Amino acid sequence: MPTFDDILEQVGEFGRFQKQTFFVLCLLSAAFTPIYVGVVFFGFTPEHRCFSPGVVELSQRCGWSLAEQLNHTVPEWGGHGTTFGSRCRRYDVDWNATGLSCTDPLGSLAGNRSSVPLSPCRDGWLYDYPGTSLVTEFNLVCEDSWKLDLFQSSVNAGFFIGSVNIGYIADRFGRKFCLLTTILANVVCGILLVFVPSYLWIVIFRFLQGLVSKGCWTAGYILVTEVVGPQYRRTVGILYQTAFSVGLLVFDAIAYAIPHWRWLQLTVTLPSCFFLLFHWFLPESPRWLISQGKNDEAKKIVSDIAKKNRKKMPSHFEDIKFEDDDEGGKQSPSLIDLVRTPQMRKNTLILMYNWFTSSVLYQGLIMHMGLAGGNIYLDFLYSALVEFPAAFIIIITIDRVGRRYPWAAANLVAGAACLVTALIPADIYWLKLIAACLGRMGITMAFEMVCFVNTELYPTYIRNLGVMVCSALCDVGGIVVPFIVYRLVEIWHELPLVVFTVLGLIAGGLVLLLPETKGRVLPETVEDVENFHRQSAPKDKKIYLHVQTSEVARD
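Thresholds applied
- Residues numbered from 1 in each chain as written.
- Predicted model: local features only at pLDDT ≥ 70, side-chain atom pairs only at ≥ 80, totals over all residues.
- Heavy atoms only, no water.
- Helix = DSSP H or I, 4+ residues; strand = E, 2+ residues; numbered from the N terminus.
- Buried < 20%, exposed > 50% of the residue type's maximum accessible area, 1.4 Å probe, protein only.
- Contact = heavy atoms within 4.5 Å.
- Areas by Shrake-Rupley, 256 points an atom, 1.4 Å probe, with all protein chains shown as cover.
- Axes fitted to C-alpha atoms, helices over the stretch in contact; angles between N-to-C directions.
- Left-handed = near helix turned anticlockwise from the far one by under 90°.
- Nonpolar A, V, L, I, M, F, W, Y, C, P; charged D, E, K, R; others polar.
- Parallel < 35°, antiparallel > 145°, perpendicular 65-115°, else oblique.
- Patch = residues over 30% accessible without salt bridge, like charges linked within 9 Å, V, L, I, M, F, W, Y side chains within 5 Å.
- Salt bridge = Lys/Arg side-chain N within 4 Å of Asp/Glu carboxyl O.
- Expected span 1.5 Å × (residues − 1).
- Arc of directions from axis to C-beta.
- Disulfide = S-S within 2.5 Å.

**Some remarks on the overall build of the protein chain**
Right, on to step 1. Looking only at helices and strands, the protein chain has 25 helices and 6 strands in total.
Right, on to step 2. The burial tally for the protein chain puts 52% of its 555 residues in the buried class.
Right, on to step 3. Counting contacts in the protein chain only where the partners sit at least 6 residues apart, residues at least 24 apart contribute 81% of the total.
Right, on to step 4. Accessible area for the protein chain stands at about 24700 Å²; split by element, carbon and sulfur atoms hold 63% of it.

**Digging into the packing of helix α12 (residues 230-257) against helix α21 (residues 429-456)**
Right, on to step 1. Relative orientation of the contacting elements α12 and α21 amounts to 145 degrees, with a least axis distance of 11 Å. The chirality of how α12 crosses α21 is right-handed. Facing Arg234, Ile238, Gln241 and Leu248 of α12, the residues of α21 in contact are Arg440, Glu448, Cys451, Phe452 and Glu456.
Right, on to step 2. Here the contact of α12 with α21 is composed, by residue class, of 4 nonpolar, 1 polar and 4 charged.

**Let's talk about the packing of helix α2 (residues 16-31) against helix α11 (residues 199-226)**
Right, on to step 1. Running from N to C, α2 and α11 cross one another at 160 degrees; their axes reach a closest spacing of 10 Å. Judged on the interaxial angle alone, α11 and α2 are roughly antiparallel. Of the two elements, α2 crosses α11, and the hand of that crossing is left-handed. The segment α2 lies against α11, with Phe22, Leu25, Leu28 and Ser29 engaging Cys216, Trp217, Gly220, Leu223 and Val224.
Right, on to step 2. By residue class, the composition of the contact of α2 with α11 is 7 nonpolar, 2 polar and no charged.

**Notes on a nonpolar patch on the surface**
Right, on to step 1. A cluster of nonpolar residues, Val413, Trp430, Leu431, Ile434 and Leu438, forms a patch on the protein surface that exposes about 460 Å² of accessible area.
Right, on to step 2. Per-element accounting of the nonpolar patch gives the leading share, 4 residues, to α21.
Right, on to step 3. Its place among the elements puts tryptophan 430 in helix α21.

**Re α2**
Right, on to step 1. Its 16 residues give α2 an end-to-end C-alpha distance of 23 Å, which sits within 8% of 22 Å, the value for a rise of 1.5 Å per residue.
Right, on to step 2. Inspection of α2 places Phe17, Gln18, Thr21, Phe22, Val24, Leu25, Cys26, Leu28, Ser29 and Ala30 among the buried residues, and these make up the whole buried set.

**Focus: helix α6 (residues 66-73)**
Right, on to step 1. Those residues of α6 that fall on the buried side of the exposure criterion are Gln69, His72 and Thr73. End-on, the buried residues of α6 take up no more than an arc of 80 degrees, which puts them together on one face.

**Examining the state of the cysteines**
Right, on to step 1. Counted by the stated rule, this structure contains 3 disulfides.
Right, on to step 2. Two residues share a disulfide in this structure: cysteine 50 and cysteine 121, whose sulfurs sit 1.6 Å from each other. As the torsion about the S-S bond is roughly -45 degrees, the cysteine 50-cysteine 121 disulfide counts as left-handed. Taken together, the positions of cysteine 50 in strand β1 (residues 48-50) and cysteine 121 in the loop between β3 (118-120) and β4 (125-127) put the pair 71 residues apart, joining distant regions of the chain. Judged on exposure class, the residue cysteine 50 and its partner cysteine 121 are both buried.
Right, on to step 3. The partner cysteine of cysteine 88 in its disulfide is cysteine 142, sulfur to sulfur 2.0 Å. Linking cysteine 88 and cysteine 142, the disulfide has an S-S dihedral of approximately -95 degrees and is accordingly described as left-handed. Here cysteine 88 is found in the loop between α6 and β2 (89-91), whereas its partner cysteine 142 is found in the loop between α8 (134-138) and α9 (146-173), with 54 residues between them in sequence.
Right, on to step 4. When the bonded cysteines of the protein chain are counted from the start of the sequence, the pairing works out to 1-5, 2-4, 3-6.
Right, on to step 5. Of the cysteine sulfurs around cysteine 474, a residue in no disulfide, the closest is that of cysteine 451, at 7.8 Å.
Right, on to step 6. The class for cysteine 474 is buried, based on a relative accessible area of 4%.

**Describing the environment of arginine 233**
Right, on to step 1. Structurally, the position occupied by arginine 233 is in helix α12.
Right, on to step 2. On the basis of relative accessible area, arginine 233 is assigned to the partly exposed category, the value being 27%.
Right, on to step 3. In this structure, the C-alpha to C-alpha distance between arginine 233 and phenylalanine 14, residues 219 residues apart in sequence, is 9.5 Å.
Right, on to step 4. If we ignore the near neighbours within four places in the chain, the residues touching arginine 233 are Asp5, Thr225, Val228 and Arg287.

Shown next as structure tokens:
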């Protein structure tokens, strides 16, 4: 009796139908980029200094250049040397006072610059940036700089809460329904975010975007892997994630062309309206339909697959149903099962840590790059380009070398590259950038590998729960990483990289403690996990399609 995968062999495992579905869902994956890493451009923090009334008039009267104006009127940034002006303090003097010297205005007031009192920026800030960002519009600097951390943490908090609920919707009401509803909610929130006037409402709508967007991306991932044959499933999953990397390049180009954050937000949101056309172009997952007993709808989609792929198919399906040879031995998933036995406990803790680390390093390196002081658009471009060789390396190594060693090496490279980047002097910027890009490539590999290795280390009855619980640490990492980057950089600019080094090296070492899953059948029970060296294949729960075998043979 053939399985659904056997039927795909008849009607096409990756034909025109699957390629069309894959292409439109890759567009969805690419569109997720501005939500996940948009803080780099939406929340860009340019060089800034206190606005001091009277400084511009005095500078014009004295004929100062900008460098001279800064030297005479902006105090030094404590601990950063004489070449760095303070961003949060100003001289508490009246620059409109008469008798100020053009050669040494502070000396004519106090005799010694160090004795001039300082005060906070009471009249706002001046930003060396031709465009606008959340930071420049709402002055999210100095005492309010934590609000930028909150902006990014809010979207990750939405990821954390929404991924569970959206996952339930996808399993209960279907992949297609889940995609369409979350796309609509994402578009509405994205457009409203453009027009709301207050910081609080921006954070609220950003949270709501996170609530639906990651679940939408995940539903697309599930759907694209469910409509292709088994031999294409892993490659298609990796390429779906690579489409996100393409989105990075497109987002970078759009941000370069539109340096105003509200217009940028509107520009990257409006194209998502076209995704609502998925209602007519995207199929429901036939596997999900069969699991829900909607046999007639599943038959129609299988027929459409065969027709579009120009393949013949069995002319008549008698029945579609689940068949489980061990109905009496079903187990109910429980959280305690994830840590009940030694190997399960080890797998769970290591996977949770690696999800957390992958998120912290991936998002953290992108955020830190935005503070590096170079050309943010070129730096973002270079770091995005390295994600493509990362995907290529994964594809060629996972079935040749295995999972464990490339995964461990990727974490170790990422951690070591962060340390090297921190130690390279700022005046050798090109070398610093190369090291940072190597770190980005390493953590991209680690992030993509933890996605599918996680599914290979849990038994069938608890696999979805295991992935859900472990990957939740990814969102926890996303919540804390803005505070790690933006707070620690005020102590020492490279301190976040040192933290990333420690996290990455530990993650690489822990991966080596996991069992190798290359060539192994997926475990069905906890006993299979505890005895992973066993090579015998357990019985798989499959979707069987009863067909007229004579018709299959004839076709």
